[in-house]
Amino acid sequence: MVSGFTPGELMVTAAAREIRDGDVVFVGMRLPLVAFSLAKLTHAPNAFGLFENGLLRASPSPEFLYTMSDTPNIVGASMCTSLLNVMALLGRGRVDLGFIGGAEVDRYGNVNSSYIGPRQRPRAKLPGSGGAGDIASLAKRLLIIMAHERHRLRTAVDYVTSPGFLGGGAQREQAGLPAGGPKTLVTTLGVFDFDPRTREAVLRSYHPGASLDELRAATGWPLRVAADVGETVPPSSADLTLIRRLDPDGIWTRGGAR
Amino acid sequence: MAERKVMSLPEAVERFVQDGDTVYCGYLMLPMALVMELVRQRKRHLELVGASLVYQATMLVLAGCADRVRTGYIQGALRPGSITERMADGRLRFEDYSNQGIALMLMAGALGIPFIPTRSFLGTDYLAPENQHHTGHYPGYRKWQEMESPFDGQKAVLLPALRPDVTIMHAQRADEEGNIQWWGHKGDARWAFWAARRLIVTVEEIVPSDAVRSDPDRTAVPASRVAAVVHCPYGAHPSGVAGFYDFDYRFVGEVLAPALDSDAAFAAFRGEWIDACPTHDAYLERVKARYGPDALDVLKAEPHRPLLPVDYGFAPWFNLPVREDIP
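As the structure is a computational prediction, the values presented were derived from the model and not from experiment. (Residues numbered from 1 in each chain as written. Chains lettered and ligands numbered in written order. Predicted model: local features only at pLDDT ≥ 70, side-chain atom pairs only at ≥ 80, totals over all residues. Heavy atoms only, no water.)

**Q** Can you lay out the overall build of chain A for me, pointing to particular residues and giving the numbers?
**A** Along the backbone of chain A there are 7 helices and 14 strands. The globule rule puts the C-alpha radius of gyration for 258 residues at 18 Å, and the 18 Å found for chain A is close to it. Taking the principal axes of the C-alpha coordinates as reference, chain A spans close to 45 × 45 × 35 Å. The burial tally for chain A puts 61% of its 258 residues in the buried class. For chain A, restricting intrachain contacts to residue pairs at least 6 apart in sequence, the fraction spanning at least 24 positions comes to 64%. In the form shown here, chain A has an accessible surface area of approximately 9,600 Å², with 53% of it arising from carbon and sulfur atoms. Side-chain charges in chain A split into 28 positive and 24 negative, and the spacing between the mean points of these groups amounts to 4 Å. (Helix = DSSP H or I, 4+ residues; strand = E, 2+ residues; numbered from the N terminus. Rg over C-alpha atoms; globule rule 2.2 N^0.38 Å. Buried < 20%, exposed > 50% of the residue type's maximum accessible area, 1.4 Å probe, protein only. Contact = heavy atoms within 4.5 Å. Areas by Shrake-Rupley, 256 points an atom, 1.4 Å probe, with all protein chains shown as cover. Lys, Arg positive; Asp, Glu negative; His and termini not counted. Charge placed at Lys NZ, Arg CZ, Asp CG, Glu CD.)

Set out below in structure tokens:
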């Protein structure tokens, strides 16, 4: 009998639920590796996974993955190719859902993973886009995963690495970006959708144990809350059993030592 | 007489990497033996390029071998005392792109075209006026140019072609002529093979040319583009090679990652694992000395062969029906 769950397990479950059956998913690193496998094994058996190293998978990896480039991720793949082939699917609008993380996000879903402080004299250099900027630009739906802290959910990020809706409204389209953009923001405290008109993040649900006051305090912009806001549906015991099989040492979901 | 391509690690690096070179240094099967040889030979002022650079690049920066980086991602940036400090005091010049950006630039370099358009970067701070130019090391060159397509008016960002002076890579096998064969995930390395002026490849195995020619789909790049081949088993350690060995995460976590935390930590790592090991074999012996005689054996891959062999067969010409109406 499984009882209790970690924030990581809840976020993986929330992220997995955003994957629809049949989706072509740009998987990425860390939590999404587990979320993709969980979705495949539950409600989205026909989801198809893309990894920017050039792997295309119709089945979850046979082994736990630290990174998408672990050699077991090759075994049983549908195709082993190069980064640009995967980007070709993205560029032609063939990717339904992409996952990205980052250091900061604003209310329009613009994500910073480049610099803290000004670019010309940064207080910190962050790892950078990797493929995140490409995914945010070109995927039909974008799911952003973020630790929910006031210094991360900011009114304006220091550097827009991965474009969301830019300044809101129609700005994304006006910049020449394809339609698409952020669909969901999953944080350690809640789940946000984006208003179809203003493009602002709107709280859809708060995680069990989190209160609206706590969310307001941890959000750098005036929090908008959906009229029908509710509690995030927790992972089922079947979900938890699968997550613990997919991530046996809790590396991505229970803060396990690497 | 054909040029001799197979040579030792020191000879390959000595002959084909010069101070100041722009170096593509791998994405997945990391050319770690070559990277450590660059450190041993104290190469200077290298520029590192690649879509996503991990610890191989951070090592070369901390070792003082590289002072410029163009990439979509650099691992270790968040570790104390490395990338940010060096950028702040001017020891490191850093230009950021994205994975797709760098891969497209390498493709343009390989094709010999001057630039290539993308729909990435639109609307981002990459294109902010203050970020339009390189930070000083390519005077006169813009970093990119936003424009509307002359054909349909669609907005696009033009990226300059990227041609590394030298690409260093690790692959599964090569023949003595220098034909390189690989399989598995290929990242941006496919075009880096073709974009480079010079190509140095370490391989797990040297195999007969007949074997290469019996399976030409596996060839990444033909011998004519290859400057040097080095037979170097475990040349990607601690990264993994499909069909040979997996990532050595114990070594990465306990030895390599902590070494990237500070100049002092790196100096200690360098002393023990690079300078005190005159060859890659000596380095591998040190891995075994630390983790036991089976430290490398436990990483070895179990066989996983295709269920059906690939067949390139054809019908002999003299068996084919003849068309009498062709003169």
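**Q** An account of the sheet that holds strand 6 (residues 145-148) of chain B is needed here, citing residue identities and associated values.
**A** All names here are of chain B. Read across the sheet, 3 strands follow the order 5-7-6 without closing on themselves; strand pairing throughout is antiparallel. Where the open sheet ends on each side, the last strands, each with one partner, are strand 5 (115-118) and strand 6. Strand-to-strand twist in this sheet, taken as the mean axis angle between neighbours without regard to direction, amounts to 35°. Helix 5 (residues 99-111) contacts strand 5 and strand 7 (155-160) of the sheet and is inclined by roughly 145° relative to strand 5. (Pairing = 2+ DSSP bridges. Axes fitted to C-alpha atoms, helices over the stretch in contact; angles between N-to-C directions.)

**Q** Mind laying out the nonpolar core, listing which residues take part and the relevant values?
**A** If you look at the biggest cluster of nonpolar residues, it comprises 179 residues, and the most contacted ones within it are Leu48(B) and Met59(B). Beyond its immediate sequence surroundings of up to four residues, Met59(B) is in contact with Met32(B), Val35(B), Met36(B), Leu256(B), Leu260(B), Phe266(B), Phe269(B) and Ile274(B). (Core = buried A, V, L, I, M, F, W, Y, C linked by side-chain atoms within 4.5 Å.)

**Q** Can you explain the packing of helix 1 (residues 7-17) of chain A against helix 7 (residues 237-246) of chain A? Please cite residues and give values.
**A** All names here are of chain A. Where helix 1 contacts helix 7, the axes come no closer than 11 Å and their chain directions differ by 105°. By the angle between their directions, the pair helix 1 and helix 7 is classed as roughly perpendicular. Along the contact surface, helix 1 presents Glu9, Val12, Thr13 and Arg17, while helix 7 presents Asp239, Leu240, Ile243 and Arg244. Split by residue class, the contact of helix 1 with helix 7 holds 3 nonpolar, 1 polar and 4 charged. (Parallel < 35°, antiparallel > 145°, perpendicular 65-115°, else oblique. Nonpolar A, V, L, I, M, F, W, Y, C, P; charged D, E, K, R; others polar.)

**Q** Explain the side chain of Asp195(A) to me, using residue names and the numbers behind them.
**A** All names here are of chain A. Among the structural elements, Asp195 can be located in the loop between strand 12 (190-194) and strand 13 (201-206). A polar contact of 2.7 Å, which involves the side chain of Asp195, links it to the backbone nitrogen of Arg197. In terms of polar contacts, Asp195 uses its side chain to reach the backbone amide nitrogen of Thr198, at 3.0 Å. Excluding its chain neighbours within four sequence positions, the residues that come into contact with Asp195 are Glu200, Val202 and Arg224. (Polar contact = N/O pair within 3.5 Å; in protein donor to acceptor, adjacent residues only side chain to side chain.)

**Q** Can you lay out the interface of chain A and chain B for me, pointing to particular residues and giving the numbers?
**A** Counting from both sides, the interface comprises 50 residues of chain A and, opposite them, 51 residues of chain B. Between chain A and chain B, roughly 3,900 Å² of surface is buried when both sides are summed, and carbon and sulfur atoms account for 56% of that area. Considering only the side of chain A, the residues that lose the most area to chain B are Leu84(A), Lys125(A) and Pro127(A), jointly responsible for 17% of the buried surface there. At the junction of chain A and chain B, the tally comes to 1 salt bridge. The salt bridge involving Asp96(B) is made with Arg119(A); its shortest N-O contact spans 3.9 Å. Those elements giving two or more residues to the side of chain A that touches chain B turn out to be helix 3 (83-91), strand 9 (124-125) and helix 4 (132-138) of chain A. If you tally residues by element for the side of chain A that touches chain B, the top one is helix 3 of chain A, at 5 residues. Its residues placed into classes, the side of chain A that touches chain B shows 23 nonpolar, 18 polar and 9 charged. (Buried area = accessible area lost by both parts, 1.4 Å probe. Salt bridge = Lys/Arg side-chain N within 4 Å of Asp/Glu carboxyl O.)

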